[in-house]
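Okay, here's what each chain looks like letter by letter:
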Amino acid sequence: MTFLLLLPGAAMGAAELGAADLSAKGLDPLMASLEKVPAEERGDFAAFLRAATPLLEEPPQGALRYLTGRRAFDPAKDAELFRLLGIHARLSGEKELIEILGKLVAIPTYRKAGVPQHQNPEILRLGRHLEQAAGDAGLGFRNVDDRIYEITLPPTDLAGETPDRIPVDRLLGIYTHADVVPANASLWVLENGTRLDPYRMSIVGDRIYGRGTEDDKCSVAAALLVMREIRKSGIRLKRGIRLIVETTEETSGEGFEHYKTKTAIPPHNVVLDSSYPLVVAEKGWGQIDFDFALGAATPAGVEIVEITGGTAVNQVPEASVAHLRADDLHALKKLVEAEAPGFAAAHPGAGGKTVKITAAIEEATLRLTLKGESAHSSSPEAGLNPLSRMLLFLTLLSDKTPFADGPWLQAAKLSAALFGADDEAKTLGVAYSDPFMGPLTAAVTYMERKEKSVRLSVNLRIPRGKELDALKKEILAKVDAYRQSTGQSFELAVETGAWMFRNPKGPWISALLETFAAVTGLPADPVSEAGSTTAKQLPNGLNFGPAMPGQVYTGHTEKEFKLKKNLLLDVQLFTEAFLRLANLEKME
């Protein structure tokens, strides 16, 4: 029997709109029906339930208990009520959610050279904005030395307490970050020629463009909205929810390390900075830096004036540009054009993608451009690395015509010999793979002229399977062998960071996986990711979203975007997950 409890004046019932259910297949029809109900008839959560329940074939008993005044719920029995709150948040909060994200994107929170992040004016502006947003949502706020910003929804019985007085074992930790990697604005151009501003949110179709829309300001915005809607619903919480917003995640993680000296960490923590359904393993983060001393290029020949590639070590760049000086630029341009097609075809990326190579004479230099496809450096195979191919191509050209020796050419030859166009360290000779975590990756991502040197950086993502010290010794040995065979002189630094692998069990794990499966209808098994997040620094730290499995991840790329439908799905998933975890009797 269909349960009918309509608001006065509600004109549409189950017969008119069509009955639905709260399964993954039923959610879209239900939301389509609810969108036809006048907004004023589904205003607050109670009104929403009165509008929604006639549309359900079997309305959850939790909805009836809620409407008759009960506010304490059992997460095992009332997951569908929590799902309904997620739908309510999606429908009623979409406009505000987009506005929140737009305001966050407009604050360029990348790290400024020479300025500690906690003194970065944009980080300070972010803190003021989050404090205002938390206050508007009726949530507690605490600024921890401009390293971490806390937003807290207390457990119901401690609603009057200030955030710092809530016992840590009565809190669920939720983690995101609001710092971003830099953006190369010149590359934010759509295929139709539309030029985008990385720090101004643009919506094109279902895509929400802007730096941070995918990584990780989307999670900040969604979690803020969800916490507000939970507070407004009046559903009782056995545990409070604390949103911890990091400001140094993309660079050092030092903000969170400082935070741990000031604040006790909740015993169970969910990070919103990777992938669904549940990330239990992460590769270690590593880096190899080569520094070649600046000096005059000798002897005569084509001179490499500069090479650009990447705005951050953890980003595969979209393009690499080299400026070359030569006595006969036209002859050099002809050589480039003759060699380019064969080179591109010989060094494809995943799916057969090839770099686009162009050359143009600009005053006294030849501008050589390799256009690839940007990607997060944790998944270099998802893009097409133009920097590693640029260095390989320049080495090929130097075999065809004399090049003046110098730091840029030395870096190119080293990269060609040790890394080639290979992102899995096979050329280097230290490749290995773990069945669950995947292969070691070594992506040539960054090159810059420093005060006294040219630096070339390689980003490593390290799975289990080798001891870190053993891997480091292997890398050092391979590089030393190259140094000995070529006589090249350069400074070398190798860093290898620990991987994370956890095999957690208990009600809190089941709740997260069941939420994902029930809402999406997709398989819900724990997974491994190559990204390195705050989860490594946390007790019981696991990642729950926000990237959907099987979809291209655009964080750290030029023209970064988040699909609007996925942002709204985050709201749905976060609402149910937060409520289920906050009301569990025991987490493990």
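Whatever comes next refers back to the structure up there.
Residues numbered from 1 in each chain as written. Predicted model: local features only at pLDDT ≥ 70, side-chain atom pairs only at ≥ 80, totals over all residues. Heavy atoms only, no water.

Q: How would you sum up the side chain of R211? Please name residues and give values.
A: Mapped onto the elements of the fold, R211 is located in the loop between β5 (207-209) and α7 (217-233). A residue is classified by how much of its surface remains accessible, and R211, at 1% relative accessible area, is buried. Polar side-chain contacts of R211 include one of 3.2 Å to the backbone oxygen of P182. Within the local environment of R211, its side chain forms a polar contact with the backbone oxygen of T557, the two atoms lying 2.8 Å apart. (Helix = DSSP H or I, 4+ residues; strand = E, 2+ residues; numbered from the N terminus. Buried < 20%, exposed > 50% of the residue type's maximum accessible area, 1.4 Å probe, protein only. Polar contact = N/O pair within 3.5 Å; in protein donor to acceptor, adjacent residues only side chain to side chain.)

Q: Pulling in residues and values, what's your account of the pattern of salt bridges?
A: Summed over all chains, the structure comprises 34 salt bridges. Among the salt bridges present, the one from E96 reaches R228, with a minimum N-O distance of 2.4 Å. Highlighted residues: E96 in helix α5 (residues 79-105) and R228 in helix α7, separated in sequence by 132 residues. Here E96 falls in the partly exposed class, since its relative accessible area comes to 33%. Taking the relative accessible area as the measure of exposure, R228 reaches 13% and is therefore buried. Residue K260 pairs with E257 through a salt bridge whose shortest N-O separation is 3.4 Å. Residue K260 and its partner E257 are both found in helix α8 (residues 254-262); the two are separated by three residues, about one turn of the helix. What makes K260 partly exposed here is its relative accessible area of 33%. (Salt bridge = Lys/Arg side-chain N within 4 Å of Asp/Glu carboxyl O.)

Q: Give me the lowdown on the side chain of T152, citing residues and values where you can.
A: Within the element layout of this structure, T152 appears in strand β2 (residues 148-153). Of note is the side chain of T152, whose polar atom sits 3.1 Å from the side chain of R242.

Q: Can you break down α5 residue by residue, with the values?
A: With 27 residues, α5 should cover 39 Å at 1.5 Å per step; its first-to-last C-alpha distance of 33 Å lies more than 12% under that length. Counting buried residues in α5 gives 20 out of 27 residues, a clear majority hidden from the surface. (Expected span 1.5 Å × (residues − 1).)

Q: Describe the packing of α5 against helix α14 (residues 564-583), and please don't skip the residues or the numbers.
A: Orientation of α5 relative to α14, taken along the N-to-C sense of each, is 135°, at an axis distance of 8 Å. The orientation of α5 with respect to α14, classified from their angle, is oblique. The two elements α5 and α14 cross, and the hand of that crossing is right-handed. Across the interface between the two elements, A79, F82, R83, L85, G86, I87, A89, R90, E94, L97, I98 and L101 of α5 pack against K564, K565, L567, L568, L569, V571, Q572, T575, E576, L579, R580 and N583 of α14. Class assignment for the residues of the contact of α5 with α14 results in 13 nonpolar, four polar and seven charged. (Axes fitted to C-alpha atoms, helices over the stretch in contact; angles between N-to-C directions. Parallel < 35°, antiparallel > 145°, perpendicular 65-115°, else oblique. Left-handed = near helix turned anticlockwise from the far one by under 90°. Contact = heavy atoms within 4.5 Å. Nonpolar A, V, L, I, M, F, W, Y, C, P; charged D, E, K, R; others polar.)

Q: Report on the pairing of strand β3 (residues 171-177), specifying residues and quantitative values.
A: Most of β3 is tucked away, with seven of its seven residues classed as buried. Neither face of β3 is open: one carries L171, G173, Y175 and H177, the other L172, I174 and T176, and all of them are buried. Two strands pair when backbone bridges link them, and β3 and strand β6 (residues 240-246) are joined in this way by seven bridges, in the parallel orientation. Opposite L171, over in β6, you have G240 as the bridge partner. Summarising the sheet, β3 and strand β7 (residues 269-271) pair through three bridges and their orientation is parallel. Within β7, the position partnered with G173 by the bridge is N269. (Pairing = 2+ DSSP bridges.)

Q: Any details on unusual backbone geometry? Residues and values, ideally.
A: With an omega of 5°, the peptide bond between D215 and D216 qualifies as cis. Residue placement: D216 occurs in the loop between β5 and α7. Here the amide bond leading from G545 into P546 is cis, since omega sits at 10°, within 30 degrees of zero. Relative to the helices and strands, P546 is located in strand β25 (residues 546-547). Phi angles above zero are rare outside glycine, and E363 is one such case at about 55°. Within the secondary structure layout, E363 lies in the loop between β14 (356-362) and β15 (365-371). E363 gets classed as exposed once you look at its relative accessible area, which sits at 82%. At A425, a residue that is not glycine, the phi angle is positive and equals roughly 65°.

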